[in-house]
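Here are the chains, one letter per residue:
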Amino acid sequence: MLYLVIQYLKCFVETLRRTGRWLKPLVRCIKYQCLLKVATFVGHISFNCTFNTIETLGGSKYNGSESLNGKTVIITGANTGIGKETALEMALRHARVIMACRDMDKCREARKDIALASRNKYIYCQECDLASQESIRNFAKMVNEKEARVDILINNAGVMRCKKSFTKEGIELQFGTNHIGHFLLTNLLLDKLKASAPSRIINVSSVAHMRGSINFSDLNGDKNYGEGQAYAQSKLANILFTRELAERLEGTGVTSNAIHPGIVFTDIGRHMGINNSWIAKIFLFPLLWLFLKTPRQGAQTTIYAALNSELENVSGKYFSNKAEAEVSEAAQDRAAAKRLWAISEHWTGLT
């Protein structure tokens, strides 16, 4: 670890030496109100140094040789972070990729990057706001009417530790986006997935589910809301949904699995207070990169679960670091899974 720190510092100094323009923005930002700009500038340099120095520490790349030629993959939240890296890998394997995103401008920019890197023109941007059931239904209607098949559905989009806010239907945002939105989308696409079997559903959960519980008496956080607890609850809901769905899909040729991507430095943490601290950006962020995965590394377990041929008949499992992992006791509660399913059906109007 000491060696890595030394290498990081060498890289940091070398980057400053080679960047002749670094003094200008520093001088312009002497005033206190501009310190955040300095922090962002230094943090950007730190990111580049650390990325080049220690990227391999976050785990190996999935090296399976599976081709996706003739297959269609849908990825929610594919315009940034893990979702974008997952979309790139699918495109490199010749899949037809549908990027289901809320922000279409960012989606189109990401699509351009992916198309250029993969030389795959069969990449499409489609609007799908997981915080709007109307948007989800419109997206699913388009897919069901226009797409011949859906081979892989990757429920990747999410929000984390945001201040109390709500979806368009009045559902607490983290629970509504991370669980309810994907619950609705998946159910609306099930017939297409079954018709395309063997097919796969991958739900991006988190190790945060370990500290989560489903508060059925206050599921929407109306009485008591904690940002961290709401996130953990939504990630636990992902696994309960995954396991119940796998049971219901038994014999259809459609599998349902959940994954933990690792602790990854992406935009999902944008609501956390640390991201608004210039002190953290100068002193803490460079060190965090020694321990956090890059988006590319974070995407590897998703890619593994979506592609590995040995998992063709594996369903209802949870994976971390490209291997099956244990879930919490709460995630194994079948009665809770069935109760959550019934509530989710009611909240989405599927009953």
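Residues numbered from 1 in each chain as written. Predicted model: local features only at pLDDT ≥ 70, side-chain atom pairs only at ≥ 80, totals over all residues. Heavy atoms only, no water.

1. A word on the environment of Gly221
Now for step 1: Note that Gly221 resides in the loop between strand 5 (199-204) and helix 8 (227-248).
Now for step 2: Taking C-alpha positions, Gly221 is 9.1 Å from Ile171, a pair spaced 50 residues apart along the chain. (Helix = DSSP H or I, 4+ residues; strand = E, 2+ residues; numbered from the N terminus.)

2. Notes on helix 7 (residues 173-195)
Now for step 1: End to end, helix 7 covers 32 Å across 23 residues, agreeing with the expected 33 Å (1.5 Å per residue, within 8%).
Now for step 2: Of all the bends in helix 7, the largest measures some 50° and sits at Leu189.
Now for step 3: A distance of 2.8 Å separates the backbone nitrogen of Gln174 from a side-chain oxygen at the start of helix 7, and that oxygen is part of Glu172. (Expected span 1.5 Å × (residues − 1). Bend = angle between axes of the 7 residues up to and from the residue. Polar contact = N/O pair within 3.5 Å; in protein donor to acceptor, adjacent residues only side chain to side chain.)

3. Some remarks on unusual backbone geometry
Now for step 1: A cis amide bond links Ala197 with the next residue in sequence, Pro198, at an omega value of 5°.
Now for step 2: Relative to the assigned elements, Pro198 resides in the loop between helix 7 and strand 5.
Now for step 3: One non-glycine residue with positive phi stands out, namely Arg119, at about 55°.
Now for step 4: Mapped onto the fold, Arg119 is located in the loop between helix 5 (104-118) and strand 3 (123-127).
Now for step 5: The exposure class of Arg119 is exposed, given its relative accessible area of 79%.
Now for step 6: Phi is positive for Asn321, close to 50°, though the residue is something other than glycine.
Now for step 7: Checked against the element boundaries, Asn321 lands in the loop between strand 7 (318-320) and strand 8 (323-324). (Buried < 20%, exposed > 50% of the residue type's maximum accessible area, 1.4 Å probe, protein only.)

4. Some details on the environment of Arg108
Now for step 1: As for its position among the elements, Arg108 is in helix 5.
Now for step 2: Judged by its relative accessible area of 44%, Arg108 is partly exposed.
Now for step 3: A distance of 3.0 Å separates the side chain of Arg108 from the side chain of Asp105, its partner in a polar contact.

5. Examining the pairing of strand 4 (residues 152-155)
Now for step 1: Burial along strand 4 is two-sided: Ile152 and Ile154 and Leu153 and Asn155, pointing in opposite directions, are all buried.
Now for step 2: As judged from the three bridges shared by strand 1 (residues 72-76) and strand 4, these two strands associate in the parallel manner. Within the sheet, the bridge partner assigned to Ile75 lies in strand 4 and is Ile154.
Now for step 3: As defined by bridge partners, strand 4 adjoins strand 5 across four bridges and the pair is classed as parallel. Looking across to strand 5, one finds that Leu153 is bridged to Ile201.
Now for step 4: At this point the chain moves from strand 4, through helix 7, to the parallel strand 5, and the crossover so formed is right-handed. (Pairing = 2+ DSSP bridges. Right-handed = clockwise from strand over helix to strand, strands pointing away.)

6. Some details on the environment of Glu127
Now for step 1: Among the structural elements, Glu127 can be located in strand 3.
Now for step 2: The residues contacting Glu127, other than those within four sequence positions of it, are Cys101, Arg102, Met104, Ser135 and Phe139. (Contact = heavy atoms within 4.5 Å.)

7. Describing the sheet that holds strand 8
Now for step 1: Read across the open sheet, the eight strands follow the order 3-2-1-4-5-6-7-8; overall the sheet is mixed. With partners counted over all chains shown, the strands left at the sheet margins are strand 3 and strand 8, one partner each.

8. Comments concerning the packing of helix 4 (residues 81-92) against helix 11 (residues 300-307)
The geometry of a pair of packed helices is captured by two quantities: the angle between their axes and the separation between those axes.
Now for step 1: Between helix 4 and helix 11, the least distance of the axes is 9 Å, while the angle of their chain directions is 45°. Relative to helix 11, the element helix 4 is oriented oblique. Crossing hand, helix 4 versus helix 11: right-handed. Only Thr302, Ile303, Ala306 and Leu307 of helix 11 make contact with helix 4, whose side of the interface consists of Ile82, Thr86, Glu89 and Met90.
Now for step 2: When its residues are assigned to classes, the contact of helix 4 with helix 11 shows five nonpolar, two polar and one charged. (Axes fitted to C-alpha atoms, helices over the stretch in contact; angles between N-to-C directions. Parallel < 35°, antiparallel > 145°, perpendicular 65-115°, else oblique. Left-handed = near helix turned anticlockwise from the far one by under 90°. Nonpolar A, V, L, I, M, F, W, Y, C, P; charged D, E, K, R; others polar.)

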